[in-house]
Amino acid sequence: MSFTSLGLPQVLLDELANQNYNQPYPIQKQAIPAILNRKDILGIAPTGSGKTASYVLPILTNMNGISASENRHVNVLVLLPTRELALQVREVFRVFASVLPERIKSLAVYGGVSINPQMKALNGVNILVATPGRLLELVESNAVHLSKISTLVLDEADKMLNLGFKEEMTRIFALLPQKRQNLLFSATLSEDVKNINQILLHNPLVIKVEAKTIDIDLINQVAYLVPEEKKGPLLRYLIKSKELKQVLVFASSVYKADNIADKLRKNEIDAAAIHSKKSQGARTDALSKFKLGKLRVLVATDLLSRGIDIEFLPCVINYELPRSPKDYVHRIGRTGRAESSGEAISFITDEDEHHFKIIQKKMGKRVDKIDSAEIDF
Ligand code: AMP
């Protein structure tokens, strides 16, 4: 099945081809026609399922003929939990809107940065992608009005609720007009999400897609037995000897992530850390450089690695093991795709051995071990 039968205009079909979106993902097949028909949607879909395009494309199509936004009234509101996701989603809107004949302006707003530039940029915006707290600040300053919203999207609703945005979301819902289309996406259907559905959605089409299964067999996994104090030198040795061009390194804490990146830089390996304590500017900068292949090593904590869409990585290194076997598979699943196998390296200290056995058992696969004492580094 191709995108052509879903009811999208030719310019978007051309851009999809341009972006190498050859076939719609399952969620797109179901959501696009329904959203075009102005139905409400409850999409239970994880990151990576293609959910962003599943709402961006029909929303843009439905905006055909819409007049320019007046007096800071936006037409479409997308609420989501993090700045990274906000920038990512806004970018998808921007790219596809750029091929449409009418001018549709989109903007991402989020906290942690100065509010003034966002206030200024809000003029004439049709599609606003926002984290809840900053949106409310902007509403309170009269920088944006929500009473003419025709479509509301909640993306990663479960995460928003986990992060404690419930009260802010309720305040925002009260500002919206009664008649509107509601699209809700969540990786899981928690009780909280169920409650929100009931308040928000009218006779929704429920779409459930499974997470893309990770094919463990496509990933070359290897573990290095290494004492804690030798991890730094081993990391540098592996990056240099394997000539790794792009590596995502996982650390267990903010402090560790900074430390690993600092040491790499001191040894002239281009590296940056990305975690919750970094400024927004530094996070965006590191991530976009890494995606563009201009940064060799990105050191991340689990929290930030989730939800960030990095399509394919040749190599992932667990400088420290994650606590749960699920997180282990999630981390290494970023490498290895049908067309190219990736490499996942884990550093294991004596204390980790038992835990690593459990991970292997849960994963159903044994991982080869190399004793770093036998390597000259
Ligand atoms: P998402 O779940 O929306 O974060 O999308 C995950 C990734 O899949 C993004 O990198 C998209 O660019 C990509 N993607 C979405 N839909 C398609 C498609 N139909 N074909 C190829 N790539 C896609």
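Only a predicted model underlies this, so the values are computations on that prediction, with no experimental measurement involved.

Visitor: What is the right way to read the packing of aromatic side chains from this model?
Guide: Aromatic rings considered in pairs are described by the distance between their centres and by the relative angle of their planes. Under the definition given, this model contains 6 aromatic pairs. Plain terms: the ring middles of Tyr55 and Phe93 are 6.3 Å apart, the flat faces sit at 50 degrees to each other, and that makes the pair tilted. In this pair, Tyr55 sits in helix H3 (residues 51–62) while Phe93 sits in helix H4 (residues 83–97), placing the two residues 38 residues apart along the sequence. Across the pair, Phe93 and Tyr55 agree in class, each one buried. Relative to Phe185, the ring of Tyr55 has its centre 5.3 Å away and its plane inclined at 35 degrees; by these criteria the two rings are tilted. One end of the pair, Tyr55, is in helix H3; the other, Phe185, is in strand S6 (residues 181–186), with 130 residues separating them in the sequence. The residues Tyr55 and Phe185 share a single accessibility class, namely buried.

Visitor: Just checking my understanding: could you explain the domain arrangement of the chain for this structure?
Guide: In many analyses, interface size is given as the accessible surface area lost on bringing the parts together. In terms of domains, the chain is made up of domain 1 (3–208) and domain 2 (216–374). Centre-to-centre, using C-alpha coordinates, domain 1 lies 32 Å away from domain 2.

Visitor: Is there a simple way to explain the site of the ligand in this structure?
Guide: Not every one of the 15 residues close to the ligand is listed here, only the nearest: Tyr21, Gln23, Gly48, Gly50 and Thr52. In this structure, Gln23 approaches the ligand through a main-chain N or O atom, which is 2.7 Å from a nitrogen atom. Here Thr52 contributes a side-chain N or O atom positioned 2.6 Å from an oxygen atom of the ligand. Protein burial of the ligand: of its 500 Å² of free accessible surface, 85% is covered by the chains.

Visitor: Teacher, can you tell me more about the pattern of salt bridges here?
Guide: Once the charged atoms of two side chains with opposite charge are near each other, the side chains can pair. Taken as a whole and judged by the stated rule, the model has 17 salt bridges. Residues Lys256 and Glu228 are paired through a salt bridge, measuring 3.5 Å at the closest nitrogen-oxygen approach. Note that Lys256 is positioned in helix H11 (residues 254–266) and Glu228 in the loop between strand S8 (219–225) and helix H10 (231–241), a separation of 28 residues in sequence. Overall, Glu228 belongs to the partly exposed group, its relative accessible area being 38%. Overlapping salt bridges bring together Lys51, Asp155, Glu156 and Lys159 as one network.

Visitor: Explanation requested: the environment of Val226 in the structure shown.
Guide: Tracing the chain through its elements places Val226 in the loop between S8 and H10. Separated by 120 residues in sequence, Val226 and Ser346 have C-alpha atoms that sit 9.8 Å apart. Not counting residues up to four positions away in its chain, the partners in contact with Val226 are Lys231, Leu234, Phe347, Ile348, Thr349 and Ser372.

Visitor: What should I look at first to understand the sheet that holds strand S9 (residues 247–251) in this one?
Guide: Two pairing modes exist for strands in a sheet, parallel and antiparallel, and in both the strands are linked by backbone hydrogen bonds. As summarised here, the arrangement of the 7 strands in space is S10-S11-S9-S12-S13-S8-S14, forming an open sheet in which the pairing is parallel. The open sheet has two edge strands, strand S10 (271–274) and strand S14 (368–371), and neither has a second partner. Within this sheet the neighbouring strands show an average axis-to-axis angle of 20 degrees, counted without direction. Two strands pair when backbone bridges link them, and S9 and strand S12 (residues 315–318) are joined in this way by 4 bridges, in the parallel orientation. Looking across to S12, one finds that Val247 is bridged to Cys315. The sheet contacts of H10 involve S8, S9, strand S11 (297–301), S12 and strand S13 (342–348), and relative to S13 the element is tilted by about 160 degrees. Taken strand by strand, H11 contacts S9, S10 and S11, and its axis lies near 170 degrees from that of S10.

About the criteria used
Residues numbered from 1 in each chain as written. Predicted model: local features only at pLDDT ≥ 70, side-chain atom pairs only at ≥ 80, totals over all residues. Heavy atoms only, no water. Phe/Tyr/Trp six-rings, centres within 6.5 Å; stacked < 30°, edge-to-face > 60°. Helix = DSSP H or I, 4+ residues; strand = E, 2+ residues; numbered from the N terminus. Buried < 20%, exposed > 50% of the residue type's maximum accessible area, 1.4 Å probe, protein only. Domains from an automatic or database assignment. Near = heavy atom within 4 Å. Polar contact = N/O pair within 3.5 Å; in protein donor to acceptor, adjacent residues only side chain to side chain. Areas by Shrake-Rupley, 256 points an atom, 1.4 Å probe, with all protein chains shown as cover. Salt bridge = Lys/Arg side-chain N within 4 Å of Asp/Glu carboxyl O. Contact = heavy atoms within 4.5 Å. Pairing = 2+ DSSP bridges. Axes fitted to C-alpha atoms, helices over the stretch in contact; angles between N-to-C directions.

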